[in-house]
Amino acid sequence: MIGKDYSKQFINFVISYAINFFVSLFRYYDENMFHYEIFMKKIRVLPYTKWAAPSFWAIKMKSLAVLLIALMIIGFGEELLLLSDLGSAPWAVLSQGIALKGGFSVGWASFLISGVVMLMWLPLKLKIGFGTVLNIIVIAFCFGLTTYFILPPESLFFRNLFAVGEFYCLESARRFI
């Protein structure tokens, strides 16, 4: 009988704590929204990096090298997660589904999807740059290459190792770009 009373008290405590938390969160949001909007309006320019190209189609060796390395790491990492069979990124899930239905590799599916998406940019009058084209080609190539040379692991330990490897690949590539 005493255990039931404590469980009811604990549930009431958790519910009241959650309600108080959300009420204070909404109060903070209402009071500070004006400051947040002003702060967000100030950040309209992309950060400049030392290896950035001066225009969309300018090719500098340093920016090309950094871009290629980062895109290869991203393609390799995404495929590691796909091979681990413990989850996938949304873009990779779409590529995998189209590859299974179409009867070709995930790399080709990624290439086709990215190409179609890039073609959809044209009516929107978005600028397509050299990095965008390389993104399509290099990531799709690394998708297919990783699938061809690396077999999916069977033990749970190595599947987890692949998933952790994907995380480290993506984080290291994001530091480049």
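Read on for an overview of the structure. Residue numbers restart at each chain and count upward from 1, following the sequence in its written direction. Local features in this predicted model are restricted to residues whose pLDDT is 70 or higher, and side-chain atom pairs enter the listing and the counts only when it is 80 or higher, whereas totals over whole chains, interfaces and linings include all residues. Each side-chain value is derived from all of the structure's non-hydrogen atoms; neither hydrogens nor water enter the calculation.

Each pair of aromatic rings is reported with the distance of its centres and the angle of its planes. Only the six-membered ring of Trp is used, alongside the rings of Phe and Tyr, when aromatic pairs are assigned; centres must lie within 6.5 Å, and planes under 30 degrees apart are stacked while those over 60 apart are edge-to-face, with the rest tilted. This model, assessed by the stated rule, comprises five aromatic pairs. For the ring pair Trp108 and Phe111, a centre distance of 5.9 Å and an interplane angle of 85° mean the geometry is edge-to-face. Taken together, the positions of Trp108 and Phe111, both in helix α4 (residues 106-124) and three residues apart, correspond to about one turn of that helix. Owing to a relative accessible area of 33%, Phe111 belongs among the partly exposed residues under this scheme. Both rings, one in Phe157 and one in Phe158, keep their centres 5.2 Å apart while their planes meet at 75°; by these two values the pair is edge-to-face. A helix here means a DSSP run of H or I that spans at least four residues, while a strand means a run of E at least two residues long, and both kinds are numbered starting from the N terminus. Think of it in three bands: residues with accessible area under 20% of the maximum for their type are buried, residues over 50% are exposed, and the middle band is partly exposed, with areas taken using a 1.4 Å probe on protein chains only.

This part is about helix α2 (residues 61-84). Expected span, for any helix, means 1.5 Å times one less than how many residues it has. With 24 residues, α2 ought to run about 34 Å at 1.5 Å a step, and its terminal C-alpha atoms sit 34 Å apart, in line with that. One or two steps after α2, the chain reaches Asp85, where phi turns positive at roughly 60°.

What follows covers a nonpolar patch on the surface. Exposure above 30% relative accessible area and the lack of any salt bridge qualify a residue for a patch; like charges then connect within 9 Å, and the nonpolar side chains Val, Leu, Ile, Met, Phe, Trp and Tyr within 5 Å. For the area figures, the Shrake-Rupley method with a 1.4 Å probe applies, and any residue is considered shielded solely by the protein chains shown. By salt bridge we mean one thing: a side-chain nitrogen of Lys or Arg within 4 Å of a carboxyl oxygen of Asp or Glu. Nonpolar side chains collect at one region of the surface, where Leu94, Ile98, Phe104, Trp108, Phe111, Leu112 and Ile137 lie side by side and expose about 640 Å² of accessible area between them. Mapped onto the nonpolar patch, the elements with two or more residues apiece are α3 (90-102) and α4. In terms of residues, the nonpolar patch owes the most to one element, α4, which gives three residues.

Along the chain, the position of Ser110 falls in helix α4. Residue Ser110 is classed as buried on the basis of its relative accessible area of 2%. Throughout, a contact is declared for two residues whenever any of their heavy atoms are within 4.5 Å. Residues contacting Ser110, with those up to four places away along its chain left out, are Trp91, Ser95, Ala140 and Phe143.

The subject of this paragraph is unusual backbone geometry. You will see that Asp85, though not glycine, has its phi angle at about 60°, which is positive. Along the chain, Asp85 turns up in the loop between α2 and α3. You can call Asp85 exposed: its relative accessible area is 59%. With phi around 60°, Lys125 is a residue other than glycine that occupies positive phi space. Within the secondary structure, Lys125 sits in the loop between α4 and α5 (130-149).

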